[in-house]
Amino acid sequence: MNNTQTEPKVKKETKNTIKVEFDRTPFWQRMKAKFVNKNFFIKLIWAIFRYVILIGIAYIILFPFFTKVSSSFMGPEDFVDATVKLIPKNFTLDTYKYIFLENKYMQAVGNTMILSISAALLQTFVCAMIGYGLAKFKFKGNKILFLLVIFSMIIPHQTLQLSLFMKFRYFDILGIIQLLGGGSQWLPQLNVTGGVTSINLTNTYIPLALLSATGLAFKNGLYIFMMRQFYRGVPNELEESAYIDGSGIFKTFLKIILPLSVPMMITIFLFAFSWQWTDTFYTSLFFTRTSMVLMKNVIAIPESLNITYAGSSMYNAAIRNTCGLMIIAPLVVIYLFCQRYLIQGIERSGMTAD
Amino acid sequence: MNKEADVKLVQNTANKKRRKVHSLEKKTARGGYLFTLPFIIGFIVIYLPVVFESFLYSVTTIERINAGESYQLVWAGLANYREALFSDPNYSQILTAGLRQLVLDVPAILIFSLFIAVLLNQKMVGRAAFRAIFFVPVILSTGLISQIDYSNTSLMTYMSDTEGIGTNAAQTTSVAEIVSAMDIEYLFANMKIGGGMAKYVSSILNNIYNIVNRSGVQMLIFLAGLQSISPAIYESCNVEGASAWETFWKITFPMISPMILVNFIYTIIDAFTSSTNSVMSYINQVYGEAGKDTLSVAMAWIYFAIVIVAVLIAAALMSAFVFYQRRD
């Protein structure tokens, strides 16, 4: 074969780029080959179909938020005016102002913040610990313990609400306080605590703290499961080398394993925090007094806005929704920053059913 | 002399080694107990007594003595259960309606969340944004917020009503529905599926907001499952000339089937905490009435027992079809 290829004609040459002249298929032919065929059409139709569905459902998810936000700025007149939809005519910030002033909003945020952050931190750490113990250590009863974790998830706390309440209303550890107080059948003459046979823990943070610290709070079984799946994917060599270097079990866990699992822990913290933040079940179960202002107490119609007129049912609904918006405002901020971790954490967990 | 010392040394190290292995085993076992200690203590001290007492309350009535400082249980036998099932005018009705609703909702949630997870798993423009939007309900539409949502559908109807001036009440309700049953029936008329199916589909479509709200975690679990399928399998499928439809049913579906089982159970357990659960809200209402707290416990146990038995049977049937990939 003789080399017929000649040197390519250089059209333009600059320092970084070079344009060479060569026989190229005409533009229209190239476009035709690329876009006018079956494969491309199928892909196009599929893409359109996909976007229609995704945008439609995204609309379903976001539309309630739009209506809530827009109705929160409406004055009471707008709810009897049939021409007003979504865009307020009498723009007002009164709803926010009175909820802020009359519903003890700041107090509720403060209390719930303390409750949620401490509960979520405790749950994240404890679930990480339990998940690590289940994933990395071989001991008798490991599998049974894991089944028990699943079991604790399966019975909903709603079924147990009375006994949960009674447990913490008349709190006692394995009958010890009853024994000391003389309430038991065996030693009725013993009376150390002066007749007190149980402790009332309701209206304090202790019940939730106890449930969190023992990995029994809301959906903690799910968190333990997620952490366990995550730690099963962590190579054993990491800990082994740490042990060889003379690090103890706990030091290894704190210094090596915990920093590794930060993305997963952020996911769990996010779940635990936001579910505790909007929780009604535990807060209404354990906090029976209204003096303890939590988020559930914010949802009310402020007295200054309590007017009776033709559109008052709509207006009251709008006020309640505004309360809801103010409750989730901190969560929205957190979600905007952390949603990346939420999805990454779940993806990295390598969750499988085995 | 030298040899003897050598032998001794070897023996020594062997002994040491054996002892060390043993102690390491013990050490890791101890570590396991230490790490899971919070759960073990909590389970024994709090959880088991709570479950047991819950059973106990359902067969007793509570009498408070010492001005509420302590209480006393009075044995009532199966009276609470009998009252719940035969005397209470509403319970059995609400229970059957609630169970029917659960049977209808669970497949819808599972299919919907799997469908969306498959869509969100594909590469496309704006995937991150869509994912962020689809997981909004997981974080923001729980507890209090879903309670508010549930209590006012009227405002939503009012806002989404685009007809404006001149609409009367009858029209507004029809506008609020995304699709009317008539449309679906028209669509299904030629398919010979029957009116029941048409009603089911239209009820789900009109309830889509609720379904979307309840399928967030399921979507996450499905997505995690989809991510764990090796891309090499899809590649070889593609090379062999399988269509996307075939790939889904022959590869994705079997590989994701353990997740379907997990999500099936999770959805049902989660339904107990949902604020749209009519049985649970009725039980809560009974719980609030004076002197009926143990009755509500009996009701809750009846509901839970029926559901969990059904779940176990269904899970046992499903697990026969679940495909587990053999690893390593």
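Refer to the preceding data block for the structure.
This structure is a prediction, so every number in the text was calculated from the model and none was measured.

**Description of the overall build of chain A**
Secondary structure assignment for chain A yields 14 helices and two strands. In chain A, which comprises 354 residues, the share counted as buried stands at 36%. For chain A, contacts bridging at least 24 residues in sequence account for 70% of all contacts bridging at least 6.

**Description of the environment of B:Tyr266**
All names here are of chain B. By the secondary structure assignment, tyrosine 266 is in helix H14 (residues 244–273). For tyrosine 266, a count of 20 C-beta atoms within 10 Å corresponds to the buried category. Spatially, the C-alpha atom of tyrosine 266 lies 15 Å from that of glycine 225, the residues being 41 residues apart in sequence.

**Section: the environment of B:Leu120**
Residues and elements named next belong to chain B. For leucine 120, the position within the fold is in helix H3 (residues 91–121). Residues leucine 120 and isoleucine 221, spaced 101 residues apart in sequence, show a C-alpha to C-alpha distance of 13 Å. Discounting residues that sit within four places of it in the chain, leucine 120 has contacts with Arg127, Phe130, Arg131, Phe134 and Leu223.

**Observations concerning the interface of chain A and chain B**
Contact with chain A, which involves 85 residues of that partner, is made by 76 residues of chain B. Every element with two or more residues in the side of chain A that touches chain B is listed here: helix H2 (38–72), helix H4 (105–136), helix H5 (142–154), helix H6 (161–169), helix H8 (206–213), helix H12 (262–277) and helix H14 (312–348) of chain A. Considering every element that reaches the side of chain A that touches chain B, the biggest residue donor is H14(A), with 17 residues. Per-class residue counts for the side of chain A that touches chain B are 52 nonpolar, 24 polar and nine charged.

**What about the pairing of strand E2 (residues 18–21) of chain A?**
All names here are of chain A. Pairing of strand E1 (residues 9–13) with E2, which is carried by four bridges, proceeds in the antiparallel orientation. By the bridge assignment, lysine 9 is partnered in E2 with glutamate 21. The turn linking E1 back onto E2 is made up of four residues.

**A look at H6(A)**
The periodicity of an α-helix, 3.6 residues per turn, causes residues three or four positions apart to be oriented the same way. The buried count for H6(A) comes to eight of nine residues, which makes it a mostly enclosed element. Taken together, the buried positions of H6(A) are A:Gln161, A:Leu162, A:Ser163, A:Leu164, A:Met166, A:Lys167, A:Phe168 and A:Arg169.

**Some thoughts on unusual backbone geometry**
All names here are of chain A. Located in the positive-phi region is lysine 104, a residue other than glycine, with phi close to 55°. Position of lysine 104 relative to the elements: it lies in the loop between helix H3 (94–102) and H4. In this structure lysine 104 comes out as partly exposed when scored by C-beta crowding, with 17 C-beta atoms within 10 Å. With a phi close to 65°, asparagine 203 is a non-glycine residue in the positive phi region. Residue position: asparagine 203 is located in the loop between helix H7 (176–180) and H8. On the basis of neighbour count, asparagine 203 is assigned to the partly exposed category, with 15 C-beta atoms found within 10 Å.

**Points about the packing of helix H12 (residues 216–227) of chain B against H14(B)**
All names here are of chain B. With their axes 10 Å apart at the nearest point, H12 and H14 run at an angle of 165° to one another. In terms of axis orientation, H12 runs roughly antiparallel to H14. Like other packed secondary-structure pairs, H12 and H14 cross with a definite hand, here right-handed. Contact residues: Val217, Gln218, Ile221, Phe222, Gly225 and Leu226 in H12; Ile256, Met259, Val262, Asn263, Tyr266 and Thr267 in H14. Looking at the contact of H12 with H14 residue by residue, the class counts come to eight nonpolar, four polar and no charged.

**Thoughts on the nonpolar core**
Core analysis: the biggest nonpolar cluster contains 127 residues, and A:Met227, A:Ile268, A:Ala272 and B:Met299 have the highest contact counts within it. With 14 residues, the single largest contributor to this core is H4(A). Looking at this core, you find at least three residues from each of domain 1 (2–58) and domain 2 (80–151 + 211–319) of chain B. Here B:Met299 is in contact with B:Ala84, B:Tyr91, B:Ile283 and B:Val286, once residues within four sequence places are set aside.

Reading the values: the criteria
Residues numbered from 1 in each chain as written. Chains lettered and ligands numbered in written order. Predicted model: local features only at pLDDT ≥ 70, side-chain atom pairs only at ≥ 80, totals over all residues. Helix = DSSP H or I, 4+ residues; strand = E, 2+ residues; numbered from the N terminus. Buried ≥ 20, exposed ≤ 12 C-beta atoms within 10 Å, placed from the backbone. Contact = placed C-beta atoms within 7 Å. Nonpolar A, V, L, I, M, F, W, Y, C, P; charged D, E, K, R; others polar. Pairing = 2+ DSSP bridges. Axes fitted to C-alpha atoms, helices over the stretch in contact; angles between N-to-C directions. Parallel < 35°, antiparallel > 145°, perpendicular 65-115°, else oblique. Left-handed = near helix turned anticlockwise from the far one by under 90°. Core = buried A, V, L, I, M, F, W, Y, C linked by C-beta atoms within 7 Å. Domains from an automatic or database assignment.

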